[in-house]
Each structure stands twice: as C-alpha cells, then as structure tokens.
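A look at the structure
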Amino acid sequence: MRRDQPPRPVAVGDVVAVYSDALGAWTASQITGLDAAAKCAAVLELDWSGPEPATVADLGDVQPLRLTHHSWGGKLSYCNRSWVLPRSFTVIGSLPLLVIEPSYSYASVWGRGEQLARQRHWDSGDREDWNAPNALTCTADELAAEHTPGVVRAGVKHLTVRGITRLDCTRLVASFPDLTRLSLSGNLGTLTSAAALNQLPRLQALTISELFGMDASDCLLPNHVPEIEDVSLYGIPADYATAMRKTWRPHVRHGVQLDVRGARKPEWVAANAANPLRDWDGREHIPRTGYRKAVAQYKATRNAFLTEVTGGEDHGNIAEIGRAFGAAFNALDSRTRFIETVEREELFDALEFLADEAQTAAGRDLSAARAALIEGVDSSRDW
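Report on the accompanying structure. (Residues numbered from 1 in each chain as written. Predicted model: local features only at pLDDT ≥ 70, side-chain atom pairs only at ≥ 80, totals over all residues. Heavy atoms only, no water.)

**Regarding the pattern of salt bridges**
Applied cut-off: A side-chain nitrogen of Lys or Arg and a carboxyl oxygen of Asp or Glu constitute a salt bridge if their distance falls within 4 Å. Numbering of helices and strands runs from the N terminus, with a helix taken as a DSSP run of H or I at least four residues long and a strand as a DSSP run of E at least two residues long.
Overall, the coordinates contain 14 salt bridges when judged by the stated rule. Measuring nitrogen to oxygen at the nearest pair gives 2.8 Å for the salt bridge that ties Glu-357 to Arg-302. Of the two residues, Glu-357 sits in helix H8 (residues 341–362) while Arg-302 sits in helix H6 (residues 288–311), which places them 55 residues apart along the sequence. What emerges from the salt-bridge pattern is a single network uniting Arg-264, Asp-281 and Arg-288.

**Notes on empty space enclosed by the protein**
Heads up, the condition is: Lining residues are those with an atom within 4 Å of a point, where the points come from a 1 Å grid over the protein atoms alone and group into cavities, where a 1.4 Å probe fits but cannot get out, or pockets, open sets with protein on both sides within 12 Å along at least five of seven lines. Grid points are joined across faces, edges and corners, and a volume is the space filled by probe spheres set on the points. Polar here means any residue outside two lists: the nonpolar Ala, Val, Leu, Ile, Met, Phe, Trp, Tyr, Cys and Pro, and the charged Asp, Glu, Lys and Arg; Gly therefore counts as polar.
If you walk through the whole model with that rule in mind, you get 2 cavities of 30 Å³ or more. Approximately 70 Å³ is the volume found for the largest cavity. Looking at the largest cavity, the residues that line it are Val-84, Pro-86, Ser-108, Val-109, Trp-110, Arg-112, Glu-229, Asp-230 and Gln-257. The residue makeup of the lining of the largest cavity, split by class, is 4 nonpolar, 2 polar and 3 charged. Estimates place the volume of the second largest cavity at around 50 Å³. Lining the second largest cavity are Val-16, Ala-17, Val-18, Thr-27, Ala-28, Ser-29, Glu-45, Leu-46, Phe-89, Gly-111 and Gly-113. Within the residue set of the lining of the second largest cavity, elements represented by two or more residues are strand E1 (14–20), strand E2 (25–35) and strand E3 (40–50).

**A short note on the layout of surface pockets**
Space inside the second largest pocket adds up to approximately 460 Å³. At the level of secondary structure, the elements contributing two or more residues to the lining of the second largest pocket comprise strand E11 (205–212), strand E12 (230–237) and strand E13 (257–264). Grouping the constituent residues of the lining of the second largest pocket by class yields 3 nonpolar, 6 polar and 8 charged.

Next up, the structure:
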C-alpha cells in the first residue's frame, strides 16, 4: 500500500455510491480532490437518490447538492473527509468535475445521504428538525430508565449512549441486535463484557470514548463483524488499544477507517480520576509541558479553594484565587497559543468540578464562593 495513494483506489472525478438508511435508497458523491499530505479526499455530495446504480449513466443528469435548509444559504454539501473510502461505498465510474473550487470544511466520517434527507424534509415545507430514522441518542441513565430488560429494540440501527458510568455490553447487544452504528462515551466509565459486541454482525461503525474495563480479549474480530468500516477509539485501556490496532490495521486497505488515540495504562487512570483536564494529555496542539503546568495550576487552585472554604469562606480571598488562576493560564497561553474555544470551556468545567467537590466535602451550599471564584477568573483572563 503506497503512502501517497488512498488505501482503497480512488481518483479525482470518481463517483461513489452508497445505500442510505436516511433516504431508504442509494445516493452518490463525487471525489473532486485528493490531498496526500493531509490524507483527505474532497467529497461533493450529489442531489440524487434511487435504486442501486451500476454506472454513472444510471444517475442521469446529476447536479451538486446545494443546501438551503436552516442557515445554509445555498452552500454546496461539500467537505474534506478521510481519504479511506469506506467499505460500503462503491466506485461506479467517473465524470468531469462538477465543481473545481476547493472545500474548506473538514470531517472524518463520510456522509450517507443525511444532508439530502434534511434538504428534502425542508423542501417539503416541514420546518421541524429532521431526525434520522432508526436512530436513538440518550444518556446511560435514560437508557436504564426507559428500556425494559428483555425487550428487543430491533428497529434501532444507530445508537449513541453518553454519560456512561457502567454499561454491560451483553445486555446492550441483547436489547439492540440490529445495530449498524454504535457510539459509547463516558467519563472514566466502565464497559463490561465488551467482547459481546462481536455479536452485532451488521455493525459498520464503533466509537468508544473515555471508557475502560476492556482488555485484549474483548477485541472486535473481523470474521464476526465483517461490515465494519469505522473504528474510532479514544481514552481506552492500552492493551485493548494495542489489540484493536493490530487486528484492524490490515483492513484499512479494504475500507476501514481506523483512529485509535489516548491509550491509557491502569496507572494513568488511577492517577487522573480526579483530574478534569486529563483529556488535554496528548492533545495534538497542547505542548506536553503546557499540559503538566496546567494540571499543576489546577491542583494549586483546588487546594487553595478547599482551604479557603474550610477556613471560613472569605469571598475576597476566593476571588483572588480565581484571578491567580486566570493570570496563570494567560501566561501559559502566551508561550504557545493552545487555549481555544474547547479548552476555554474545559477550564470553566474544571472550576465547576472543583467547586462541586468542595461543596460535597463541606456539606453546605457554596454558591457564593463558586460565583466569587468565577468572577475572579473572568476579571483577569485573556483567553
């Protein structure tokens, strides 16, 4: 497999087709550019759906898909995506480029007609938000509260579960046997019996984020899930990460997008259970020294806040603790600009985390202290 060529052979001008659950029909896109350095393909979605096409002639006189729903304002449905052509997509021929300008949008996952379905929903005059058929998004608590054990939800194909503290994959698979796309995320939560995911033979995409409890024996196996084309793992046990990389890397050439990052050893998990900035560890644009100093500053702020509220809660002193926090991150960010929108929100989430922790420890309402801390940060921060 040449490094300067996509793993699955595609060329500029190629038209690819895929079945769309959102449309209940096939749809198509054109590849308008390939970037070997970024490993991206510029993908232009077409305003077409119908029976499975054998060649581009079956598409008729196709046009690019322009989006007018919500605030799109007639922009093309056009995006740079991973240049790994997913397994379920088929090259049906080539056409002269329908657009020649580049796209400045980026996404990893290829669209499968969702935008065309949204546009047609809008064109019908319905201004309610379009929801993908056969899809369910919920928190782990909602899943536990609303789902009756033993009841099979065969109609659900796309399942997203967030906020997982602990989840038994055996029960999940028994309840949702027809899943094609599964996304699970938590906050150092635990997955048990993850090997049971091998009992989802139609599974095409698996995303797991910030969940632990898996080991090498829980690895997905190609002969059990032969339709897999997207494996995205972040913040998972190191031995599970190693096994998944080793198993699925040879399948990239067959159309499997493989993204495994943030492999963590048990020692890291134990050390970072109370570290709300742990996601910064290994983040591409955050320097290693910047991460270490950020965690040290968070711990210093936490200790100072806990000491203050334990000793009598002087709001003037608490505001000063906040000002010191804001100033410290001003200095860190001035060396290498890394505090962007996401990081700014995560810093405030970290302050909320320490305030919640302090309130639990103190056993009383600390709303005024919390407000003083945030006010102090806002008075000094440049980020």
